[in-house]
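Working through the structure, step by step
For reference, the chains in residue letters:
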Amino acid sequence: MERTYGVTPPISTTLPTEEEKRANEALAKELRAQGTFEPPSETQKREDILKHLQRIADEFVKRAAAEKHPKNPYLVRNARGRIFTYGSYRLGVYGPGSDMDTLVVAPRYVDVEQYFKIFPDLLEELAPPGAITDLNPVPDAFVPIIKFEFNDISIDLIFCPIQSLGELPDEKDWNLHDNNLLRGLSENQVRSLNGTRVTDEILSLVPEPATFRLAIRAIKLWAQRKAIYANILGYPGGIAWNIMVARVCQLYPKATSAVIVSKFFNIMLKWPWPLPVLLKDIEYGLTVTQVAVWNPKIYHGDRNHRMPIITPSYPSMCTTHNVGASAMAVIKSELDKGAQVTHEIMLGRRPWKDLFTKHSFFTTGFRFYLTVISSSKTREAQNKWASFIESRVRHLVMKLDMHSSIQLARPFNKGYDRVHRCQTDAQIEEIQAGSLAYLVKAEDPEQPEVKAEVKAEIKTEIKGEAVKVEKTEDANGVKGEENGDVKIADIPEHGTSTEHEIYTTNHYIGLQLKEGAKSLDLSREVNEFKTFCMSNDKIFDDKLMCLTVQHVRNFDLPDDVFGPGEEKPRKPVKKKRPATAEDSAKPDTKRQRTATAAG
């Protein structure tokens, strides 16, 4: 008997038609043309890196065992670690430049303090000379992580000791599928293991993994192009998109990838949210971990999830708890557009490349924006501060969603990192308030990490024919400026004794106002957000860091947010009303007053 996938029977088990097969071939060809596949040489490099990491993981556990149990040579001799991958690499849908999400598993006697004390040094010691760059341990993260580049491939390496095992099995095919491996683990450790567990279970729950892989490549490329791919900013992340596509594969088990992509838009557009997207029934009643299983019948927070997409592995969790009202409206709008385009594609009227056109967030998306500017006086401080602010931007968006004059508040799905060079404290304050007058150009060889050249960003109030801003020092304690031109003469020469480098990251939020809105005062929302962020004593250092929020009109957006060929919005020119006969009949009162004064 043929296996049934998912929590409901399939919608159709019809075999592909010749037209659908041709559409599938065209999709695969377009995805290759879009550069979503990497060459075999790069894939081989990834496999070699994993072999190096496995050797380093074994040595790490041996040294940890010797440190913890120096009088137990048997334990040290049999000590071993295990490297697992998860995410796009494990799914087999990685592309050029994709990072590699990896996990190192160890026996119960190895602790996280040893991980951060021993593993970074071992990377430098045992990897090929010069292979490790940008090594950045982050022990304070909810899931402790070591970030680094290994032969120019970005690696995110997390760690988990298995509390139920005093020694890891030596079997080559040993895996993490057994729920009992979660016994005794904290919530962050469960999340660490579940990255690999969820990835494996998704692949086991789709009828044809090859069909799923091509379809998810297409959907992820589409989501990235439309700027709706970023869990941290309130959009579905990689796991959520994987689960949605896998669910469509379950409903059409015999379909080609092209059909899956086409059906994806229609099904997810019409999905009866908040009905959850599930790949299998949720497992309740297990007692191997204290981590809560998603259950809206019990937990009030789970009932508030607007767009629940649930992981299949125990304990099941919602991958989209961050999605708010505006993000959901944006996602539905893009799904609707995608449904229309793919309908035309499947009829042979349009090419697949039309599905992957770039978003219009900055070009025609909005008239008004907020920009959240995090800044620091050192690169190390900015790495920490910018990451923290990025994780909090969605909280500001939630406040904006509730504003009586705002219809939609859409955050862009990434921040813009910039470096500035100046001399005086007054200039530092200008930069912190949003000025780009002292920006270091991207092509400066001294600043390889600057992402793009920017000429000007002007601090303005939101105002126009239908909107009047109630000005309270620009709603956040910083007054707007009329002129933001870059003052090249004011940029100091590199190497002067009074030189300062300031690092900033800007996050942009597009604002759509409700029809008839006459004013927009965001002082309360902005000040609450700033207080919320700067009250975190573990992160915020007022001697090094600053946070501001500014209004920006679309024609004042900086140049680096526009790609090649994109046209920056222009400032509208008010047309003079043509003179009428009635106007010419009116007396020139100004001339009369002038004549009277002269007399």
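Residues numbered from 1 in each chain as written. Predicted model: local features only at pLDDT ≥ 70, side-chain atom pairs only at ≥ 80, totals over all residues. Heavy atoms only, no water.

**Notes on empty space enclosed by the protein**
A full pass over the atoms with the stated rule returns 3 cavities of 30 Å³ or more. There is about 70 Å³ of room inside the largest cavity. Considering the residues around the largest cavity, the lining is formed by Leu233, Gly234, Asn322, Gly324, Ala327, Arg394, Val397, Met398, Asp401 and Pro411. Among the elements that make up the lining of the largest cavity, the one with the highest residue count is helix α13 (residues 393-401) (4 residues). Of the residues belonging to the lining of the largest cavity, the class tally is 5 nonpolar, 3 polar and 2 charged. (1 Å grid on protein atoms, 1.4 Å probe; cavity = no way out; pocket = protein on both sides within 12 Å on 5 of 7 lines; lining within 4 Å. Points joined across faces, edges and corners; volume = space filled by probe spheres on them. Helix = DSSP H or I, 4+ residues; strand = E, 2+ residues; numbered from the N terminus. Nonpolar A, V, L, I, M, F, W, Y, C, P; charged D, E, K, R; others polar.)

**Thoughts on the nonpolar core**
Residues Phe212, Trp222, Phe264, Met268, Phe362, Ile509 and Leu511 are the most contacted members of the largest nonpolar core, which totals 100 residues. When residues no more than four places from it in sequence are discounted, the contact partners of phenylalanine 264 are Ile219, Trp222, Trp241, Met244, Val245, Val248 and Leu335. Residues Ala79, Phe116, Ile146 and Phe150 belong to the second largest nonpolar core, which totals 35 residues. (Core = buried A, V, L, I, M, F, W, Y, C linked by side-chain atoms within 4.5 Å. Buried < 20%, exposed > 50% of the residue type's maximum accessible area, 1.4 Å probe, protein only. Contact = heavy atoms within 4.5 Å.)

**Topic: the packing of aromatic side chains**
For the structure shown, the criterion picks out 28 aromatic pairs. Residues tryptophan 385 and phenylalanine 540 carry aromatic rings whose centres are separated by 5.1 Å and whose planes lie at 40° to one another, so their mutual orientation is tilted. Remark: phenylalanine 540 occurs in the loop between α16 (523-534) and β10 (545-553) and tryptophan 385 occurs in helix α12 (residues 379-390); sequence separation between them is 155 residues. On the basis of relative accessible area, tryptophan 385 is assigned to the buried category, the value being 0%. Classification of phenylalanine 540 by relative accessible area gives buried; the value is 17%. For the pair tyrosine 416 and tyrosine 508, a centre-to-centre distance of 6.0 Å together with 75° between the ring planes defines the contact as edge-to-face. Highlighted residues: tyrosine 416 in strand β8 (residues 416-422) and tyrosine 508 in strand β9 (residues 500-513), separated in sequence by 92 residues. Grouping residues by exposure puts tyrosine 416 and tyrosine 508 together as buried. (Phe/Tyr/Trp six-rings, centres within 6.5 Å; stacked < 30°, edge-to-face > 60°.)

**A look at the pattern of salt bridges**
For the structure shown, the criterion picks out 27 salt bridges. With its nearest N and O atoms 3.8 Å apart, the salt bridge here joins arginine 421 to glutamate 499. Remark: glutamate 499 occurs in the loop between α15 (473-477) and β9 and arginine 421 occurs in strand β8; sequence separation between them is 78 residues. Here arginine 421 falls in the buried class, since its relative accessible area comes to 5%. Overall, the relative accessible area of 19% leaves glutamate 499 in the buried class. Here arginine 421 and glutamate 501 are joined by a salt bridge, their closest N and O atoms 3.4 Å apart. Of this pair, arginine 421 sits in strand β8 while glutamate 501 is found in strand β9, placing the two residues 80 residues apart along the sequence. Residues joined in a network through salt bridges with shared partners are Lys399, Arg524, Glu525 and Glu528. (Salt bridge = Lys/Arg side-chain N within 4 Å of Asp/Glu carboxyl O.)

**Description of helix α5 (residues 112-126)**
The first and last C-alpha atoms of α5 sit 20 Å apart over 15 residues, in line with the 21 Å expected at 1.5 Å per residue. The largest bend in α5 amounts to roughly 30° and is located at isoleucine 118, with the proline proline 120 lying one to four residues further along. For α5, the full list of buried residues reads Gln114, Tyr115, Phe116, Ile118, Phe119, Pro120, Leu122 and Leu123. Here the buried face of α5 lies against α2 (40-68), β2 (100-107), β3 (132-138), β4 (145-150) and β5 (153-162). Capping of α5 at its N-terminal end is provided by aspartate 111; its side-chain oxygen lies 3.1 Å from the backbone amide nitrogen of glutamate 113. (Expected span 1.5 Å × (residues − 1). Bend = angle between axes of the 7 residues up to and from the residue. Polar contact = N/O pair within 3.5 Å; in protein donor to acceptor, adjacent residues only side chain to side chain.)

**Re the UniProt feature "binding site: Mg(2+) 2" (unreviewed entry) in the chain**
The residues that UniProt annotates with the feature "binding site: Mg(2+) 2" (unreviewed entry) are Asp99, Asp101 and Asp156. Spatial clustering of the annotated residues is evident: they stretch over 58 residues in sequence, but the largest pairwise C-alpha distance comes to 7.4 Å. Relative to the helices and strands, aspartate 99 resides in the loop between α4 (88-91) and β2. Not counting residues up to four positions away in its chain, the partners in contact with aspartate 99 are Arg46, Ser88, Ser154 and Asp156. Looking at the secondary structure, you find aspartate 101 in strand β2. With near-sequence residues (within four places) excluded, aspartate 101 lies in contact with Phe84, Thr85, Tyr86, Gly87 and Asp156. (UniProt positions renumbered as here; feature names shortened; annotations may be inferred.)

**Brief notes about helix α1 (residues 18-33)**
Residues lying three or four places apart along an α-helix face the same way, a consequence of the helix completing one turn every 3.6 residues. Here α1 spans 23 Å end to end across 16 residues, near enough to the 22 Å set by a 1.5 Å rise per residue. Every buried residue of α1 is accounted for by Ala23, Asn24, Leu27, Glu30 and Leu31. Seen along its axis, α1 keeps its buried residues to an arc of 125°; they face one direction. The exposed set on the far side of α1, more than 90 degrees from its buried face, consists of Glu25, Lys29, Arg32 and Ala33. Those residues of α1 that are buried lie in contact with α7 (209-225), α9 (257-269) and α11 (325-346). A positive phi of about 75° marks glycine 35, the residue just after α1. (Arc of directions from axis to C-beta.)

**Thoughts on the side chain of histidine 52**
With respect to the helices and strands, the residue histidine 52 is situated in helix α2. Among the polar contacts listed, one links the side chain of histidine 52 to the side chain of arginine 55, at a separation of 3.0 Å. Not counting residues up to four positions away in its chain, the partners in contact with histidine 52 are Pro128 and Phe150.

**Quick word on unusual backbone geometry**
If a residue is not glycine, its phi is most likely negative; likewise, a peptide bond is most likely trans. Omega for the bond connecting tryptophan 273 with proline 274 falls within 30 degrees of zero, at 10°, which places this linkage in the cis form. Position of proline 274 relative to the elements: it lies in the loop between α9 and α10 (300-303). For the bond running from tyrosine 314 to proline 315, omega is -10°, close enough to zero to count as cis. Although it is not a glycine, asparagine 151 adopts a positive phi angle of roughly 50°. Although it is not a glycine, alanine 227 sits at a positive phi angle of roughly 60°. Among the secondary structure elements, alanine 227 is positioned in the loop between α7 and α8 (238-251).

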